[in-house]
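# Working through the structure, step by step
Residue strings, one per chain:
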Amino acid sequence: MSIKNCNHPVDENIVRIINEKGLKRKKVAQKAGYSDQMLCDMLNGRKIIKISDVLILGKVLEVDPNSLFKQVRK
């Protein structure tokens, strides 16, 4: 199983929320205490998104962390 598969659907939901809210990834990374590269690696399947990351990113994005696990129909 690839990292991309492990991160799904959390990675896609984070990207979607960032875009919907008109946020900059760099700002989100800074508020979460991550480097730009670290967040980029999480969202592009090069680093596993851990539960602790979900909690941090949920807080930064002002969403319920559980919502990051929901499948979004396209």
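Residues numbered from 1 in each chain as written. Predicted model: local features only at pLDDT ≥ 70, side-chain atom pairs only at ≥ 80, totals over all residues. Heavy atoms only, no water.

### Overview of unusual backbone geometry
In this structure, the amide linkage connecting His8 to the following residue, Pro9, adopts the cis form with an omega of 5°. With respect to the helices and strands, the residue Pro9 is situated in the loop between α1 (3-7) and α2 (10-20). Although it is not a glycine, Glu62 adopts a positive phi angle of roughly 60°. With respect to the secondary-structure elements, Glu62 resides in the segment after α5 (51-61). For Glu62, a relative accessible area of 68% corresponds to the exposed category. (Helix = DSSP H or I, 4+ residues; strand = E, 2+ residues; numbered from the N terminus. Buried < 20%, exposed > 50% of the residue type's maximum accessible area, 1.4 Å probe, protein only.)

### Focus: the environment of Ala29
By the element assignment, Ala29 lies in helix α3 (residues 25-32). Along the chain, Ala29 and Leu39 lie ten residues apart, while their C-alpha atoms are 5.9 Å from each other. Those residues in contact with Ala29, other than ones at most four positions away along the chain, are Tyr34, Ser35, Asp36 and Leu39. (Contact = heavy atoms within 4.5 Å.)

### Some details on the side chain of Asp41
One can find Asp41 in helix α4 (residues 36-43). The class of Asp41 is buried, set by a relative accessible area of 18%. Ignoring anything within four residues of it in the chain, the contact list for Asp41 reads Arg46 and Lys47.

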